[in-house]
Each structure stands twice: as structure tokens, then as C-alpha cells.
Amino acid sequence: MDDDRRERLTSLRRALHRYPEPAWCECYTTSRIVDELERIGVDELLVGPELLDAEARMAVPDDAELERWHDRAREAGAREDVLEQVEGGFTGALAVIERGEGPTVGLRVDIDALPIRESDETGHAPADGGFRSDNEGYMHACGHDAHATIGVGVLEAIAESDFAGTLKVLFQPAEEVIGGAKPVAERGHLDDVDHLLAIHVGLDHPTGEVVAGVGGFLAVRQFVATFEGESAHAGRHPGSGRDAVQALATAVQNLHAIRRHEGGATRVNAGVVEGGTATNIVPEHARFGGEVRGETTALKEYMSERADSVVEHAAAMHDCAGRVETTAEAPSAESDAELADVVYEAAGTAAGVERRLHEAALGGSEDATYLMDRVQRHGGTATFVGIGTDHPGGHHTPTFDVDERTLEIGVDVLVETIARLSASE
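In this report, the structure presented in the accompanying data block is examined.

Cut-offs applied
- Residues numbered from 1 in each chain as written.
- Predicted model: local features only at pLDDT ≥ 70, side-chain atom pairs only at ≥ 80, totals over all residues.
- Heavy atoms only, no water.
- Axes fitted to C-alpha atoms, helices over the stretch in contact; angles between N-to-C directions.
- Helix = DSSP H or I, 4+ residues; strand = E, 2+ residues; numbered from the N terminus.
- Parallel < 35°, antiparallel > 145°, perpendicular 65-115°, else oblique.
- Left-handed = near helix turned anticlockwise from the far one by under 90°.
- Contact = heavy atoms within 4.5 Å.
- Nonpolar A, V, L, I, M, F, W, Y, C, P; charged D, E, K, R; others polar.
- Core = buried A, V, L, I, M, F, W, Y, C linked by side-chain atoms within 4.5 Å.
- Buried < 20%, exposed > 50% of the residue type's maximum accessible area, 1.4 Å probe, protein only.
- Pairing = 2+ DSSP bridges.
- Phe/Tyr/Trp six-rings, centres within 6.5 Å; stacked < 30°, edge-to-face > 60°.
- Lys NZ or Arg CZ within 6 Å of the ring centre and 35° of its normal.

1. Some points on the packing of helix α10 (residues 337-347) against helix α12 (residues 405-423)
For the pair α10 and α12, interaxial distance at closest approach is 8 Å and the crossing angle is 125°. As summarised for this structure, α10 and α12 are arranged oblique, according to the angle between their axes. For the crossing formed where α10 meets α12, the hand is right-handed. Packed against α10, whose contacting residues are Leu-339, Val-342, Val-343, Glu-345, Ala-346 and Ala-347, the element α12 presents Val-413, Glu-416, Thr-417, Arg-420 and Leu-421 at the interface. Residue classes in the contact of α10 with α12 are distributed as 7 nonpolar, 1 polar and 3 charged.

In C-alpha cells, the structure reads:
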């Protein structure tokens, strides 16, 4: 990679880092990506409702929140034509390069940020370098700014190469809420893909280390449980009320009593709890946000069924009404060994790669599994590639940052992988 391209990609990554946007609100981010794709000159570009199945979107904010971020993007300089396309939370983009006969290769990168306040302490590179988040309370704490930049770098390099075939690069919204992959999959945009590459930086692997086939994805379901009781004076007539918070507390405690399964790893968590209005009122309303995970999709379903039962019986115990609404979910998936082998061999030729791993376990969840599963069901192969990066803080922390050497390594490994796939067919 020459110095001009390296500097351009670094600048892009820093611009995206400086303007992080949460799931379905990536308006400025989409506009900035579209700028780059038009500069490169892709053959097809999808943005807006044509990219996403509206009914399949999950965990979409309310209209007021979407409009707030839409307006903030406009103030930051987002293009009006792109803002029109993404209105209502239809963010993200799909870029296509067509170069005659050959395989169809897909690359998925995600673009959303997290609701975390970024560190402003001396020693935090974005703060020292002047590209710390301008959207206070939000930051790229998982490297999606680097993912999007790598996607642009791969497109640019392939557009200038002798690649034969079709390349589709998906700049996917809403990964952090497990909401963005399914609506792309349901649209069928990847149904003709022969080989799908999804990537993530870091994952506790250092700069210079590449994992060719990440596995161990936990299937996940996120949900909101709501309890409805009846208010009463907590001092004079406590017995005439129906305490929704008691029902909630019982449910949260009993979630952690769900029997674990000998078939594999399972997880459960209640992460957001809300209820009541005053100390002297028996609470009428309460809700919590939770999630269950499983080493396989079947284990996730096992946990889901029991979580729903826990909510139902906790509500009944306290004479309340209870209901559970799924807000997001994703299946498990496994990387295909034959495609991971191609990545492994490609990584051996890339400058800056010091260590290669055939496989490693994620130990978490990722909605790229929707896309991997979709491609595999249609006869293609898929792998999730880990591009190591040194980061001073762990993922989802205020001090997370990306070693920018990772950008060049990621682009080089993926471009070489795509070239090998093209040459082999």
C-alpha cells in the first residue's frame, strides 16, 4: 500500500471515529461512506429501503430518536440526497464491483457505534490526536470505524486490480443491537454469493495476528419483559396493590436459576431494570431488558422457552400481567474450513502479519451469523476473519482504540484472499 492510500484510509477512519452513531442512526457515517464509494466508482450502490427489508429490522429506535440523529448528521455536513435515502433509519450501503466471469465474493463490515462516553484522558490516542468523539456519550468502542475503513480500502484495491468476478461489500448498520444483518439477508442481496468474508478487529488478538476462521458463536435472543400490576398507597393500603416490581425481582432472580444444559454453553442476563414511580406507591409498572445465549441455536431456544416461562410464572405469583417481547436475535454459525484455509494462506503473504491461526473461538454473539447462515444455506461458504489489533482498553470500554497499522493489514489480507478466490475458479 502506498503512502497516499495509507494516509487517506487513516484520515477516513479518524473521521468516522470522530462522529460515532448508534444503531439505525448511522446517517453521517453512511453519507461519508457513499462519498468514498462514488470516488472509487463502484458499478452498483444500494442505499436506503432497497437495501433493507423494513419488516425484518429489529431494535429500531422511535421516530423522535431517529430524527434527532438525522438532524445531527445534517449539522455535521451529511449530504442531503443521502439523508433522504436513509430517513426513518434505513442506514448502511451495499457496493458492487462487477468484473466479468468469476466467483461472487461478499465482504461484510459493520458501521455502528456504542452508547459509551469516550475517555478524554491524556494518553488516549483519539483525545491526544484530536479525533475523539464529537457525539458525547457515544463512541466507536468496538472498532467498527476500522471495519468500515477496511471495507473501503478493499473496494478501492479490487477496483484497480485484475480481479475477475463480482465483489459485494456490505456496510451493515445496527450490529451492536443484533438488528442489521437479518433485514439484509431477507432482501436476498447475498443469495448469489459464493464466498462470504466477515471481519472483526481485535477480539483480544494483537496487531499482526490473523484468525482465518473464528468460530464459537453463541446464538442470542434479546428481549424486554413487562409487568403490569396495580398501584396503591404503600403505607395505608399496601395489600390492595399488585406489585409489579416484586414480580420483576422474582423473574430476574429465577432467570439465573434456569438449569444449564449438558449439550453446551448457555448464558442469561438481565441488563436493564426499570420500575416504580415513588417510594410510597406500590409500583404498577416494571420492565427489564434481558438476553439468553446458547452455544447452538437449539440451546438458545432451550433458554428462551424457560426464560419466557419464568416471566409468566413470576407475574402470576404476584397477581400481575406479564409479557415478553423479542427485540433482537441471531443464530449460531460456524466458519467453513475450506474458505478459512484460503484466508490462512493469504495472510501468510501479507506484510505485517506475524502470526496466523486457523481458528479461534469468539465466545460471544454476532449478527453476521444471519448472513453466514444465509450464504451457506444457498450453497456458498463463509468465514469470520479476526484481524488482530493492539488496544489499550478492552472492547466496549471508554479507552478502546485501534492500532491503525491494522487497517493496512486487514486490507492486504482480504485483497489477497479475494484474488486467490478469483484465480481458483
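2. Describing the nonpolar core
Counting residues in hydrophobic clusters, the biggest one holds 65 residues, and the most contacted among them are Val-154, Leu-155, Leu-167, Phe-171 and Leu-197. Setting aside its immediate chain neighbours within four residues, Leu-155 contacts Leu-37, Ile-40, Val-42, Ala-95, Ile-97, Leu-167, Val-169 and Phe-171. Of all hydrophobic cores here, the second largest spans 39 residues; its members include Phe-90, Leu-170, Ile-178 and Met-372.

3. So, unusual backbone geometry
Of note in this structure, Trp-24 is not a glycine but carries a positive phi near 70°. Locating Trp-24 in the fold gives a position in the loop between α1 (3-18) and α2 (27-40). For Asp-204, which is not a glycine, the phi torsion comes out positive at approximately 70°. Structurally, Asp-204 is set in the loop between β5 (195-201) and β6 (209-215). Judged by its relative accessible area of 66%, Asp-204 is exposed.

4. Quick notes on the sheet that holds strand β1 (residues 44-47)
The pairing of strands in a sheet comes from backbone hydrogen bonds and takes either a parallel or an antiparallel form. Spatial ordering of the open sheet is given by β1-β2-β4-β3-β5-β12-β6-β11, a layout of 8 strands whose pairing is mixed. Across the chains shown, the open sheet's two edge strands, defined by having one partner strand only, are β1 and β11 (355-361). Taking each pair of neighbouring strands and ignoring which way they run, the sheet shows an average axis angle of 20°. Strand contacts of helix α6 (residues 144-159): β2 (93-99), β3 (104-110), β4 (165-172) and β5, with the helix running at about 160° to β4, the strand carrying the most contacts.

5. Let's talk about the packing of aromatic side chains
Tallied over the full model, the rule gives 5 aromatic pairs. Judged by centre distance (5.2 Å) and plane angle (80°), the rings of Phe-217 and Phe-384 are edge-to-face. Of the two residues, Phe-217 sits in the loop between β6 and β7 (219-228) while Phe-384 sits in strand β12 (residues 381-387), which places them 167 residues apart along the sequence. Here the aromatic cluster, defined as three or more aromatic residues joined through ring pairs, consists of Phe-223, Phe-227 and Phe-288. The aromatic ring of Phe-90 is capped on one face by Arg-57, whose charged end is 3.9 Å from the ring centroid. For the cation-ring pair, Arg-72 lies above Trp-69, with the distance from its terminal atom to the ring centre recorded as 4.4 Å.

6. A look at the sheet that holds strand β10 (residues 321-330)
A sheet is described by the order of its strands in space; here 4 strands give the open sequence β8-β9-β7-β10, paired in antiparallel fashion. Strands at the two margins of the open sheet, each flanked by one partner only, are β8 (266-275) and β10. Taken over all neighbouring pairs, the strand axes of this sheet differ in orientation by 20° on average, direction set aside. Across 9 bridges, β8 lies against strand β9 (residues 285-294) in antiparallel orientation. Pairing of Asn-269 across the sheet is with Glu-291, part of β9. Running at roughly 15° to β9, helix α8 (residues 244-255) makes contact with β7, β8 and β9 of the sheet.

7. With respect to the side chain of His-144
With respect to the element layout, His-144 can be found in helix α6. What makes His-144 buried here is its relative accessible area of 1%. If we skip the residues at most four places from it in the chain, His-144 touches Asp-110, Ile-111, Asp-112, Glu-175, Glu-176 and His-200.

8. Details of the packing of α6 against α12
Where α6 meets α12, the closest approach of the two axes is 9 Å, and the angle between their N-to-C directions is 45°. It follows from the interaxial angle that α6 and α12 lie oblique. Like other packed secondary-structure pairs, α6 and α12 cross with a definite hand, here right-handed. Mapping the contact onto sequence places Ala-146, Thr-149, Ile-150, Gly-153, Val-154, Ala-157 and Ile-158 in α6 and Thr-406, Leu-407, Gly-410, Val-411, Leu-414, Val-415 and Ile-418 in α12. Each residue belonging to the contact of α6 with α12 can be placed in one class, and the counts come to 10 nonpolar, 4 polar and no charged.

Purely spatial values, then, with no claim about function.
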